[in-house]
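The lines below spell out each chain.
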Amino acid sequence: MDEFTELHARSAFSFLRGASSPEEMVTRAAELGMSCLALTDRDGVYGSARAHHKAKELGLRAIAGCELTMECGCVLPVIVRTRRGYQNLCQMLTQAHLKAAKGQSRVSWAALEIYAEGLTVLTGDEDGVLSQNEPLEALDRLKRVFGREHVFVEIHRHRVPRENDRVRRCCDLASAAKLPLIASNAPLYARPEGRMLQDAFTALRHHTTLDEAGLRLAPNSERCLKSAAQMRELFHDLPEALASTQRIVESIEFGLENLGYEFPQYPVPPGHSQDSFLRERTDIGARERYREITPEVRHQLDHELRLIAKLGFSGYFLVVWDIVRWAKQNGILVQGRGSAANSAVCYSLGITNVDPIKQQLLFERFLSEGRSSWPDIDLDLPSGTQRERVIQEVYRRFAPHGAAMTANVITYRGRSAMREMGKVLHLPQDVIERFSDLYANGDFPHTLQLDEQIRRAGLPQGHPRLPALIKLYHLAYGLPRHLGQHSGGMVLCSAGLDKIVPLEPASMPGRVVVQWDKDDCEDLGIIKVDLLGLGMMAAIEKTLEVSAARGRPVDLAQLPKDDPACFDLMQRADTVGVFQIESRAQMATLPRMKPKCFYDVVVEVAIIRPGPIVGKMVHPYLNRRNGKEPIDCIHLDFEPVLARTLGVPLFQEQVLKMAMIIADFTGSEAEELRRAMSFHRSEERMTKALDKLTAAMTRKRVDPAIQDRIVKSIRSFALYGFPESHAISFALLAYASVWLKVHRAVEFYAALLNCQPMGFYSSATLVRDAKQHGIRLLPVCVVVSQIECSVIDDTTLRLGLNQLKGVSHATWQKIITERQTTPWRDLRDFLRRCSPAKDERRVLAQAGALNALGHHRRSALWEIEAPLHDDLLSGLEAPDAAPLAMMSAHERLESDYSTTTLTVGPHPMALLRPQIPKASHAKALNTLPHGRRVTIIGMVICRQRPGTANGHCFISLEDETGIANAFVPSDLFEKRRLTITQEPFLKITGQLQRADGTTTVLAKTITAFRYDETRRVSVKSHDFG
Amino acid sequence: MFAAWWLPRFVLQALRVLSRERAAVLEAQALKAEDARLLCVSETAEREGVQAGMTSSQAQARCPRLRLLYRDEKAEQELQQRLLMAAESWTPDYEATQPGLCVLDLSRRRMNEPWQDLGMLMHRDATALATEVRIGLADKADLAVLAAHVADPVRVIRDGKEALRELPMTVLCRNPELLNLLHLWGVRTLGQFTALPRAEIARRLGAEGLALHDLARGGKERLLRLVRPIQLFREESELESPIECVEPLMHLLRGMLGRLCARLAEAWRVAGRLLLALRFDDRSTHERDLRIAEPTRDEAVLGRVLETALEGVKASAPIVFVSLEIVPVRAAASQAGLFDQGLRDPNRFAETLSALEALLGKGRVGRAELLPSRRVDAFRVVNFLEAPAPSLDHTPGGPPLQRFRPPRPARLVWQDWRPVALHVDRETKPLISASGPWFLSGEWWDTQQAWQHEIWDAATDDGALYRLVREHEAWRVEGRYG
């Protein structure tokens, strides 16, 4: 048993009151030879799961606890002794958080009396109960609430002059109250250098700078974790205070491994168990899905149901089935994604749309015998209100406190770390901004060294605060900054989630979040159902609605998978607006890939991802596909597995099957190998798994050379990993969106515009693409526009009022309602009856939405500024003609972009074309010879600098004819970094490169293309890595 | 007739930036990210596409060699002051219209030369102030301002206002919302604006629009908001016979005081400070800024203050010039309460302080005020007469420490990580007990200010308890307790 255990440690999950991660605290505790550590973060157990996980890894015991902010303002550290105590703590925190504003939770003394059982309390540090008036009374109260044996008077020594006075006072109080002393260092960080960050956090917490923070900063660096020897030296005169820590440790029975979590059971009808009801529902569903239950299907279903029942997951499947059923009943598109699509049960229940038997998918990727953790079923839903309806339904079903969103821990990254550390160091705001701007948009792998970036931002090398800035930046990087909510992960619990983890209100009304993120929940065996919003699902849903209303209904399930027009569109890379295969990289691959069947779409979806690119899988696959190299399946036995991907293992299922074939692995052993291969797992674990594989192959007398190739192939696979079932699910959506673009173009474009923001391209690019496909787009008009973009006929769509930026939803609604009552007489009538706000009037006029009322944009802008007089003569006097000239084409363009971020008129580059006769059209590049020196000019719609590209950058420029792609070598990117990232229009001169149907300009020079008229014209470029 | 003197890019000119430089100015202390936008851009930078309102990154994308400067309000005030002083040399009737722009009323001046020549003369005068000055002359003040905006470098507008038609509206209007509306209307120039019907402007833009309309047409006759020199309570005397001792100097000063106090009385003011300047035959000077503890215009009191201040003054040459200025303040409006505790005679107290300061040196007399720092001895000396800052609650308890100033360098002998002997003042004292170490550190974020102390309290065998402090690897005895 240790001589001393730290029982009052805080991590960065105390948000600005701690400066080390829980993992770092535990690691340091292990280094210092401790066997236990209690993490008591402020008002929550945010870091407890991570501390628990790390402690388990290092052979330590993490003790749960937290600091409670009381209603009187004092702070009480409590330590959990029993499971009941943990449940009490969670409930107490949930109550306190849910009835207060975010971050303002206060525990009442009355609540403490109810929930004190199973908790031990310390008197705390400078914020503690002894700093209040009448400390003896406070101690008496604690004794009454917790019981004398569970109250300890906490003492600290931080090597600050005169601190012994406080220690003596505490000793006197303890003696008077007959309470034991307990020694603690109340650490705020793991190592002494953490003090710097803690000081910076203190300044941030007080909204001041380090210079101004004065006495609020720490006097020294002693609030770190200390070893038993260091604490013994500090408390040599009070050994009983050290011994008390062991008394507490001995009294602790609880650990997070005993959470007592139970997934909710489905309320089955009488006479049914969870297993029997799942079997019944599956059989009913299978008959609908398969029509005929073949022996193969029956065998697969029986196998899956047996395993699900054995692992006790039947209730889980039923709950998810019920959510899916509810969504479908309410007209909400829903589709399971991820490895759930490997399950015939999921397919039969209607959770997924991929037939795993037909597609030969491996069930073991989803669920296997040796697996103890919950299977992962993610549901894709249309983003926006439809998804929110499903989320609210889940809350309703499991109310109260049975369901909550998982948290999303927002951490300090480059920009935020620099911004906040720069602020506390009182650096000039423009330096901080320039630093951020040098990130080159998006958080793609960053090639600029930190000190160089700081220098370029304008802070000289010799600046006296530079060393502190660099240190603080590194210390803060990766630490939690605040808690958000996960985009769709919900956790469910049968016996009250608030006894498992504290719940908090989210910023979004009606949402509640748990204090752990999805990985923490998974590590502790808490099941999560992901209800993910997909913009494309919403777009497809809207397309189907409009198509049906126009008498051209579409049944997604019945779409022909061999439509030549669809494949033709894909082969031409004409995929702007469709799902997944619309990105620059996908479009560059499509002409080489030339998809000819649905499975090609599956491969296309899977292959253009960082993993296969880094694993150098793309070129072998494309070369083999184009007959440039022979197909090689490594081993004869692998042919059935790898033949469909031409010998290149692209999917996780393939690796699993390879291991099962060549090494006789069971499904669970193969799954374990796959998990070890996942890139974020340890090298040690991977080596161990590969050793096991090699040993098994050797036993089977596989040729060592073949063994070597298999291991190499699996090792390179470790860099990516994508389930085939997931790729098929996504390919279904991708194909459906292509089909709609081809056969329901006008409805599809209208839906895309209505669902923005989504996808890869802005509304402006979608409009340009629609026009190229022969669609006529009509501008927003208060006389005819609906709220959403609407279809006029097969080739015409009208922009909706929702495209106007700066006009409220209420005004849209009022326009529609008033118009339905009586059509507008004139502009004055419109203004009088709708009463739009001044800014809204200007937006409507500027966008040309009032033109149908007898005005041009300028005259409308003139007219709307005149006051309206509701007298008897109003309406009789005709307004004088406006003295303003009509807008020029450039002015209309500028107005369109500022009011709707798009134009239905000419593209900005079309207006500029006469000024730039030597620049090539994007479309014309395909006709020019390879190697020709060309100049392209256009609006930047995409800047990409993927981590796989060694710092090179891809830029897409749009002009009136299409999109031109440029490849910018890393050295040129570094030279012109700010031009590339800051300018909305670029002029790129370089060498044309054409190969396998793709065209790129290898950039040699890049300059800003500027002219006055484009000053306010730009689109939000899609920038990421 | 009016003349307008305009310094284009005033913010940049105040920073003495040459027009050919690629430079831009940012707000010195932007509070929010959106504040960090360019305020003013040099002509060369503008030619490369940099515009006011851009972020510094956008500007550097256009112009990589752009020099970014911070606004210097003090320099702007100085330049403005110089501009006004130069204007004053032409006429006493002038208006400080806005920073970098003043209008001179020349109607009281007899004009013999043509206006253009006069403008050239003015320009020659004004170019000593800044690199770029433009002069506009017209018979109305606002028209002169507009003329200055089209001047190169001098422009006279008598009747034809055609030249003004192309001037941008930004010259006249500073209201961003109105400018935005005019932009939406396509109205960019004065000509376009004046073409709009006046009545319709009134309906839409109200009084502000009408005023703007008038201005765009050259403005109406209006009175300038004249800059009137602040009345100075100052007396100067160049001495024919240099003074060599205090007595005749005091005689002279008392005379000055008498006249100044009489003027103070006329203005219902009292003396808040006395500014005394002496110049000696060897061109050296002596200046004093004497604060009057209890503002008064009592000549005797003020005389005593001067006399005390001059007591310690030594000079190597006789005095050839004397200047005395009184900074006037309003007399206290209320009388101290019956039970208010205060100094019986604050001016006498101030005299004493002044005498002490003369003896000890400037900044060495006053009250020590603790600074909010973890450094134990962080303090500053503040004038006794300043209101004390709220006390800081970090005064350590325990026995009082009698500090050694300066601290005494020391060497310690160590055994088992504890000091056992103290070597100080060439004497070695055995230590019978020592408590510590205590650690204090701060300002770690600035390499020029960072500090770190290790502190021990050690008792010697003679019963004395010392505070020992280590800083920069050197030990010192900081004081003795008790």
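The structure we're discussing is the one just above.
Residues numbered from 1 in each chain as written. Chains lettered and ligands numbered in written order. Predicted model: local features only at pLDDT ≥ 70, side-chain atom pairs only at ≥ 80, totals over all residues. Heavy atoms only, no water.

*Asks:* Explain the packing of helix α37 (residues 838-846) of chain A against helix α7 (residues 176-185) of chain B to me, please; I cannot follow it from the model alone.
*Replies:* In helix packing, the relevant descriptors are the interaxial angle and the interaxial distance, both defined with respect to the helix axes. The N-to-C vectors of α37(A) and α7(B) enclose an angle of 25 degrees; their axes lie 12 Å apart at closest approach. Viewed along their axes, α37(A) and α7(B) adopt a mutual orientation that is roughly parallel. Both α37(A) and α7(B) take part in a crossing whose hand is left-handed. On α7(B), the residues touching A:Lys838, A:Arg842 and A:Gln846 of α37(A) are B:Glu177, B:Leu181 and B:Leu184. Classifying every residue of the contact of α37(A) with α7(B) by side-chain character gives two nonpolar, one polar and three charged. (Axes fitted to C-alpha atoms, helices over the stretch in contact; angles between N-to-C directions. Helix = DSSP H or I, 4+ residues; strand = E, 2+ residues; numbered from the N terminus. Parallel < 35°, antiparallel > 145°, perpendicular 65-115°, else oblique. Left-handed = near helix turned anticlockwise from the far one by under 90°. Contact = heavy atoms within 4.5 Å. Nonpolar A, V, L, I, M, F, W, Y, C, P; charged D, E, K, R; others polar.)

*Asks:* Help me out: how do you make sense of the pairing of strand β8 (residues 154-157) of chain B in this one?
*Replies:* Residue and element names in this part refer to chain B. Pairing geometry for strand β7 (residues 134-138) and β8, over four bridges, is parallel. If you follow Gly136 over to β8, its bridge partner there is Arg155. Handedness of the crossover joining β7 and β8 through helix α6 (residues 141-149): left-handed. (Pairing = 2+ DSSP bridges. Right-handed = clockwise from strand over helix to strand, strands pointing away.)

*Asks:* What is the right way to look at the nonpolar core in this model?
*Replies:* Note on soluble globular proteins: their nonpolar side chains tend to be buried together. The biggest cluster of nonpolar side chains holds 152 residues, and the ones touching the most others in it are A:Leu797, A:Phe830, A:Leu850, B:Trp185 and B:Phe193. The element that contributes the greatest number of residues to this core is helix α32 (residues 724-743) of chain A, accounting for twelve residues. Here this core spans two domains, and each of domain 1 (2-157) and domain 2 (169-216) of chain B adds at least three residues to it. Residue contacts for A:Leu797: discarding those within four places in its chain leaves A:Val746, A:Tyr749, A:Ala750, A:Leu753, A:Ile775, A:Arg776, A:Leu777, A:Leu778, A:Cys789, A:Ser790, A:Val791 and A:Ile792. Ranked by size, the runner-up nonpolar core spans 133 residues in total, among them A:Val45, A:Val167, A:Leu242 and A:Phe366. (Core = buried A, V, L, I, M, F, W, Y, C linked by side-chain atoms within 4.5 Å. Buried < 20%, exposed > 50% of the residue type's maximum accessible area, 1.4 Å probe, protein only. Domains from an automatic or database assignment.)

*Asks:* Would you explain the sheet that holds strand β6 (residues 101-105) of chain B in this entry?
*Replies:* Two orientations exist for strands paired in a sheet by backbone hydrogen bonds: parallel and antiparallel. Residues and elements named next belong to chain B. Taken together, the five strands give an open sheet; going across it, the order is β5-β6-β1-β7-β8, and neighbouring strands pair in mixed fashion. Edge positions in the open sheet fall to β5 (94-98) and β8, since each of these has one partner strand only. Here the strands of the sheet are splayed against their neighbours by 20 degrees on average, with no regard to which way each runs. Strand direction decides the pairing type here: β5 and β6, joined by four bridges, are antiparallel. Across the sheet, residue Gln98 finds its bridge partner in β6, namely Leu101.

*Asks:* Sorry, what's going on with the sheet that holds strand β11 (residues 285-296) of chain B here?
*Replies:* All names here are of chain B. The strand order across the open sheet formed by four strands is β9-β12-β10-β11, and the pairing between neighbours is antiparallel. Looking at the sheet topology across the chains shown, the edges are occupied by β9 (233-243) and β11. Taken pair by pair, the neighbouring strands of this sheet meet at an average axis angle of 15 degrees, ignoring direction. Both strand β10 (residues 270-280) and β11 contribute to a ladder of eight bridges, which runs antiparallel. The residue of β11 that forms the bridge with Ala271 is Thr296. Strand contacts of helix α11 (residues 299-311): β10, β11 and β12 (319-329), with the helix running at about 145 degrees to β11, the strand carrying the most contacts.

*Asks:* Would you explain the interface of chain A and chain B in this entry?
*Replies:* How big an interface is tends to be stated in terms of the accessible area lost upon association of its parts. Of the residues lining the interface, 58 residues belong to chain A; the matching set on chain B comes to 60 residues. If you look at where chain A meets chain B, you find five salt bridges. Note that A:Lys838 is salt-bridged to B:Glu177, the shortest N-O span being 2.8 Å. Where chain A packs against chain B, one counts 24 residue pairs in polar contact (both at pLDDT 80 or more). Each residue belonging to the side of chain A that touches chain B can be placed in one class, and the counts come to 24 nonpolar, eight polar and 26 charged. (Salt bridge = Lys/Arg side-chain N within 4 Å of Asp/Glu carboxyl O. Polar contact = N/O pair within 3.5 Å; in protein donor to acceptor, adjacent residues only side chain to side chain.)

*Asks:* Help me understand the environment of A:Asp555, please; the structure alone is not making it clear to me.
*Replies:* Residue and element names in this part refer to chain A. If you trace the backbone, Asp555 turns up in the loop between α21 (535-549) and α22 (564-571). Taking the C-alpha atoms as reference points, Asp555 and Leu367, separated by 188 residues in sequence, lie 31 Å from one another. In terms of polar contacts, Asp555 uses its side chain to reach the backbone amide nitrogen of Ala557, at 3.1 Å.

*Asks:* Help me out: how do you make sense of the pairing of strand β6 (residues 151-155) of chain A in this one?
*Replies:* A regular strand carries its side chains on alternate faces of the sheet. Residues and elements named next belong to chain A. Among the five residues in β6, five count as buried, and that is most of the element. Across two bridges, the pairing between strand β5 (residues 119-122) and β6 is parallel. Across the sheet, residue Val121 finds its bridge partner in β6, namely Val151. For the crossover that starts at β5, traverses helix α5 (residues 135-146) and ends in the parallel β6, the hand is right-handed. In this structure, β6 lies alongside strand β7 (residues 181-183), joined through three bridges in parallel fashion. Counted as the bridge partner of Val153 is Leu181 from β7. A crossover connection joins β6 to the parallel β7 through helix α6 (residues 163-177); in handedness this β-α-β unit is right-handed.

*Asks:* What am I meant to see in the packing of α32(A) against helix α33 (residues 745-754) of chain A here?
*Replies:* Residues and elements named next belong to chain A. Axis separation between α32 and α33 bottoms out at 5 Å; the angle between their running directions is 120 degrees. The angle between α32 and α33 places the two elements in the oblique class. Where α32 approaches α33, its residues Ser737, Leu740, Lys741 and His743 are matched on the opposing element by Ala745, Phe748 and Tyr749. Taken together, the residues of the contact of α32 with α33 break down into four nonpolar, two polar and one charged.

*Asks:* Where do I start with the packing of aromatic side chains in this structure?
*Replies:* Two numbers describe a pair of aromatic rings. These are the distance of the centres and the angle of the planes. All names here are of chain A. Evaluated as defined, the whole model comprises 25 aromatic pairs over all chains. Seen from their ring centres, Tyr266 and Trp321 are 5.8 Å apart, and the 65 degrees between their planes marks the pair as edge-to-face. Taken as a pair, Tyr266 in the loop between α10 (239-251) and α11 (274-290) and Trp321 in helix α13 (residues 314-329) lie far apart in primary sequence, 55 residues in all. Here Tyr266 and Trp321 have matching classes, each one buried. Aromatic pair Phe363 and Phe366: ring centres 6.0 Å apart, planes at 65 degrees, arrangement edge-to-face. When its relative accessible area of 2% is taken as the criterion, Phe363 is described as buried. A relative accessible area of 0% means that Phe366 is categorised as buried. In this structure an aromatic cluster arises from ring pairing among Phe263, Tyr316, Phe317, Phe363 and Phe366. Between the NZ or CZ atom of Arg141 and the centre of the ring of Trp109, over which it lies, the distance is 4.3 Å. (Phe/Tyr/Trp six-rings, centres within 6.5 Å; stacked < 30°, edge-to-face > 60°. Lys NZ or Arg CZ within 6 Å of the ring centre and 35° of its normal.)

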